[in-house]
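Read off the chains here:
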Amino acid sequence: IGWHTELEATLARVRDGDTSTRGLALEAKSTLRERGDDGGIGWALALSIDAERAATGGWRRSGERVELEGSRQLGAAWLAEARLGTAHERAWPLQSAHTEARLARRLPDERAATRRSTTWALSVEHAWSDAVEIKAELSGDDRDPPFVAVGWRRTLGVEDLQLKLV
């Protein structure tokens, strides 16, 4: 979008038995310092807002994050990244017709439980070509076990439009 800033939208769907939840994350990442050609470390600031929607309810904001990212080129096709930040998350109660009615009146026992955590991530990216990259990431926070993700990113004709599968 300019100003050394990129926008990312992520859609997710989680199923646990009979329960299904959809998620949406919007992230804006602005470059604070370019990596440059000398092998220096680049810095970026990422801000994100998350929302979720249970099968029987509407969309609700479920969290915010602020993270500082450092990245370094490790050769022509390799990139290493590290992130450290903070997150504020909301865990909403399970939805039912009774719960919806109580939420409409905003009774205290139906509000979202909130928590703050320190987030971190370490990742390595490899560019197979100008249009295809793979990424492996280990991420977590100070409250839960780490999570491992492997992803594939494909640039779709236009340089600024990409498709990611994780």
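Attention in this report is confined to the structure presented alongside it.

What to know about the pattern of salt bridges
Piece 1. Summed over the entire model, instances satisfying the criterion amount to 15 salt bridges.
Piece 2. Among the ionic pairs, aspartate 141 bridges to arginine 115, the shortest N-O distance being 3.7 Å. Of this pair, aspartate 141 sits in strand 7 (residues 132-141) while arginine 115 is found in strand 6 (residues 113-127), placing the two residues 26 residues apart along the sequence.
Piece 3. Under the relative-accessibility criterion, aspartate 141 is labelled buried at 13%.

Some points on the environment of aspartate 50
Piece 1. One can find aspartate 50 in strand 3 (residues 42-54).
Piece 2. Note on aspartate 50: relative accessible area 19%, which makes it buried.
Piece 3. Taking C-alpha positions, aspartate 50 is 5.9 Å from arginine 61, a pair spaced eleven residues apart along the chain.
Piece 4. Those residues in contact with aspartate 50, other than ones at most four positions away along the chain, are Leu24, Ala25, Arg60, Arg61, Ser62, Gly63 and Arg65.

Brief notes about a nonpolar patch on the surface
Piece 1. Together, Leu32, Ile41, Trp43, Leu45, Leu47, Val66 and Leu68 line one region of the surface with nonpolar side chains, adding up to about 590 Å² of accessible area.
Piece 2. Of all the secondary structure elements, the ones that give two or more residues to the nonpolar patch are strand 3 and strand 4 (59-73).
Piece 3. At three residues, strand 3 tops the list of elements feeding residues into the nonpolar patch.
Piece 4. When you line up the elements, leucine 45 lands in strand 3.

A closer look at the pairing of strand 6
Piece 1. One ladder, built from 14 bridges, connects strand 5 (residues 78-91) with strand 6; its direction is antiparallel. In the sheet register, glycine 85 faces strand 6, and the bridge partner there is threonine 119.
Piece 2. When strand 6 meets strand 7, the two strands line up antiparallel, connected through nine bridges. The residue bridging alanine 121 from the neighbouring strand is serine 139, located in strand 7.
Piece 3. The hairpin turn running from strand 6 into strand 7, its antiparallel successor, is four residues long.

Structural notes on the side chain of serine 20
Piece 1. Among the structural elements, serine 20 can be located in strand 2 (residues 19-33).
Piece 2. Overall, serine 20 belongs to the buried group, its relative accessible area being 14%.
Piece 3. Among the polar contacts made by the side chain of serine 20, one reaches the side chain of arginine 13 at a distance of 3.2 Å.
Piece 4. Excluding residues within four positions of it along the chain, serine 20 makes contact with Arg13, Val14, Arg15, Arg53, Ala54 and Ala55.

About the cut-offs
- Residues numbered from 1 in each chain as written.
- Predicted model: local features only at pLDDT ≥ 70, side-chain atom pairs only at ≥ 80, totals over all residues.
- Heavy atoms only, no water.
- Salt bridge = Lys/Arg side-chain N within 4 Å of Asp/Glu carboxyl O.
- Helix = DSSP H or I, 4+ residues; strand = E, 2+ residues; numbered from the N terminus.
- Buried < 20%, exposed > 50% of the residue type's maximum accessible area, 1.4 Å probe, protein only.
- Contact = heavy atoms within 4.5 Å.
- Patch = residues over 30% accessible without salt bridge, like charges linked within 9 Å, V, L, I, M, F, W, Y side chains within 5 Å.
- Areas by Shrake-Rupley, 256 points an atom, 1.4 Å probe, with all protein chains shown as cover.
- Pairing = 2+ DSSP bridges.
- Polar contact = N/O pair within 3.5 Å; in protein donor to acceptor, adjacent residues only side chain to side chain.

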